[in-house]
Amino acid sequence: ILVVPAQFGLRHRGRSVRRAREVFTANEFGLGAFAIGIMLLTHPEREVQWEQLHVDCAGADAGGDVSRAPIFYFYDGKVEFSARWYDYAYENCGSASAFVSQ
């Protein structure tokens, strides 16, 4: 098990993925779909209703399309995985990130 300090999106809530990437601190980096998927498997309570903070994957692009970023969200009774334009800000979304020691 690898333990890494990370946050599930609250720090960058309401920011576009592009803006979140711009304001990352020197020791912060965006997480990709695999890392966030693992986090959701170990914290299933994180995505249980539509009216909550959904998780943007600021450390990945959508299959080579650099204008879109993957996202996990809860819809119609289940967790969904999709991609949205990385330039759009959504009030109910935030980019997940992790931190390295300096």
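Undergrad: Sorry if this is basic, but what is going on with the side chain of Arg 46 here?
TA: Along the chain, the position of Arg 46 falls in the loop between α2 (33–42) and β3 (54–56). Within the buried core, Arg 46 has no salt-bridge partner, and the shortest N-O distance to an opposite charge, that of Glu 47, equals 4.3 Å. For Arg 46, the side chain forms a polar contact with the main-chain oxygen of Phe 8, separated by 3.3 Å. Apart from residues no more than four positions distant in its own chain, Arg 46 is found in contact with Phe 8, Leu 40, Gln 52, Leu 53 and Val 55.

Undergrad: It is not clear to me how the sheet that holds β3 should be interpreted in this structure. Could you clarify?
TA: In sheet architecture, strand pairing relies on hydrogen bonds along the backbone and comes in two forms, parallel and antiparallel. Pairing in this open sheet of four strands is mixed, and the strands run β5-β4-β3-β6 from one edge to the other. With partners counted over all chains shown, the strands left at the sheet margins are β5 (78–85) and β6 (93–95), one partner each. The average undirected angle you get between the axes of adjacent strands in this sheet is 25 degrees. As paired strands, β3 and strand β4 (residues 68–75) are joined by two bridges and run antiparallel to one another. Along β4, the bridge assignment pairs Val 55 with Phe 72. Relative to β4, α2 is tilted by about 15 degrees, and along the sheet it contacts β3, β4 and β5.

Undergrad: Got a minute to help me understand unusual backbone geometry in this structure?
TA: Peptide bonds are mostly trans, and most non-glycine residues show a negative phi. With phi around 55 degrees, Asp 76 is a residue other than glycine that occupies positive phi space. Given the relative accessible area of 62%, Asp 76 is considered exposed.

Undergrad: Sorry, what's going on with the packing of aromatic side chains here?
TA: For any two aromatic rings, the description comes down to two numbers: the centre-to-centre distance and the angle of the planes. The full count for this structure, using the stated rule, is three aromatic pairs. Both rings, one in Trp 50 and one in Tyr 75, keep their centres 5.9 Å apart while their planes meet at 75 degrees; by these two values the pair is edge-to-face. Of this pair, Trp 50 sits in the loop between α2 and β3 while Tyr 75 sits in strand β4, and the two are 25 residues apart along the sequence. Judged by relative accessible area, which is 38%, Trp 50 ranks as partly exposed. The exposure class of Tyr 75 is partly exposed, given its relative accessible area of 48%. Each ring, one from Phe 72 and one from Phe 81, has its centre 4.8 Å from the other, and the planes form 50 degrees; the classification is tilted. Under the relative-accessibility criterion, Phe 72 is labelled buried at 11%. Following the ring pairs from residue to residue traces out a cluster consisting of Trp 50, Tyr 73 and Tyr 75.

Each value, and the rule that gives it
Residues numbered from 1 in each chain as written. Predicted model: local features only at pLDDT ≥ 70, side-chain atom pairs only at ≥ 80, totals over all residues. Heavy atoms only, no water. Helix = DSSP H or I, 4+ residues; strand = E, 2+ residues; numbered from the N terminus. Buried < 20%, exposed > 50% of the residue type's maximum accessible area, 1.4 Å probe, protein only. Lys, Arg positive; Asp, Glu negative; His and termini not counted. Salt bridge = Lys/Arg side-chain N within 4 Å of Asp/Glu carboxyl O. Polar contact = N/O pair within 3.5 Å; in protein donor to acceptor, adjacent residues only side chain to side chain. Contact = heavy atoms within 4.5 Å. Pairing = 2+ DSSP bridges. Axes fitted to C-alpha atoms, helices over the stretch in contact; angles between N-to-C directions. Phe/Tyr/Trp six-rings, centres within 6.5 Å; stacked < 30°, edge-to-face > 60°.

The values reported here are purely geometric and, on their own, carry no functional implication.
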